[in-house]
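Here is how the chains run, residue by residue.
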Amino acid sequence: MLVSFSAVAARADTPGDFDFYVLSLSWSPTYCQDQGRMDRVQCGGRPFAFVVHGLWPQYERGYPRDCPSNLQNFVPRDTVARMLDIMPSPSLIRHEWQQHGTCTGLSQPAYFELVRRAKAAITIPETFVDPTDYLDVSPASVEGAFIAANPGLRKDGIAVACDSRRLKEVRICLTRDLRFRSCPEVDRGACRRDRLVMPPVR
């Protein structure tokens, strides 16, 4: 069946019209090596390991962003405060709502509650909870550790993101009701390097 260009265009960036979610978990020590002076909440004081970067609505190909909405754009201070344990960056919380949350079709409280539920649905492998020294890993070994810790997660439903030498994120694909699912386009965009380092939490 052919889909007309006008039908595709009509779907683009329409709140609530998407296929699945990507939960992006950022390796905070990598981020803080680059942005530590700019983000004192995430990179000062308390050390963090994997934190939520975002919960992103996705199409099977591509994704919506900055969807037009009559919902409030401003994220109240009390909402930000409630999310800091899993998203320890006020500016990130506000950005994620504006760019991605508006595309879910959910209210702001419902979106951030869903972010929390998505994070709670993922078990972080013990190796990555609180490492005190650099870890030498491969993208495949990180994916394998997450698959082993999360029954039902498959190799084509998770992707590691990296820079030239460091692990940056783990991206896990979820259905709209937060079950694991495959995501070929996300998987194809995974890091292809043989070895990566993960800076320590402490």
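It should be emphasised that the depicted structure is a prediction, and the values quoted were computed from it without experimental measurement. (Residues numbered from 1 in each chain as written. Predicted model: local features only at pLDDT ≥ 70, side-chain atom pairs only at ≥ 80, totals over all residues. Heavy atoms only, no water.)

Asks: Sorry if this is basic, but what is going on with the packing of aromatic side chains here?
Replies: Two numbers describe a pair of aromatic rings. These are the distance of the centres and the angle of the planes. Tallied over the full model, the rule gives eight aromatic pairs. Arranged with centres 6.2 Å apart and planes meeting at 20°, the rings of Phe128 and Phe146 form a pair that is stacked. Placement of the pair is Phe128 in the loop between helix 6 (108–120) and strand 3 (135–137) and Phe146 in helix 7 (residues 139–149), with a sequence separation of 18 residues. Each member of the pair Phe128 and Phe146 is classed as buried. Among the aromatic residues, those joined into a cluster by ring pairs are Trp27, Phe50, Phe128 and Phe146. Over the ring of Phe18 we find Arg176, and its NZ or CZ is 4.0 Å from the ring centre. Taking NZ or CZ as reference, Arg181 lies 4.1 Å from the ring centre of Phe20, over its face. (Phe/Tyr/Trp six-rings, centres within 6.5 Å; stacked < 30°, edge-to-face > 60°. Helix = DSSP H or I, 4+ residues; strand = E, 2+ residues; numbered from the N terminus. Buried < 20%, exposed > 50% of the residue type's maximum accessible area, 1.4 Å probe, protein only. Lys NZ or Arg CZ within 6 Å of the ring centre and 35° of its normal.)

Asks: Looking at this model, I keep getting lost on the environment of Cys173. Mind explaining?
Replies: Position of Cys173 relative to the elements: it lies in strand 5 (residues 167–174). Given the relative accessible area of 0%, Cys173 is considered buried. Taking the C-alpha atoms as reference points, Cys173 and Trp56, 117 residues apart in sequence, are found 9.5 Å from one another. Leaving out residues up to four positions away in the same chain, Cys173 has contacts with Phe20, Tyr21, Val22, Gly157, Arg179, Phe180, Arg181, Cys183 and Val186. (Contact = heavy atoms within 4.5 Å.)

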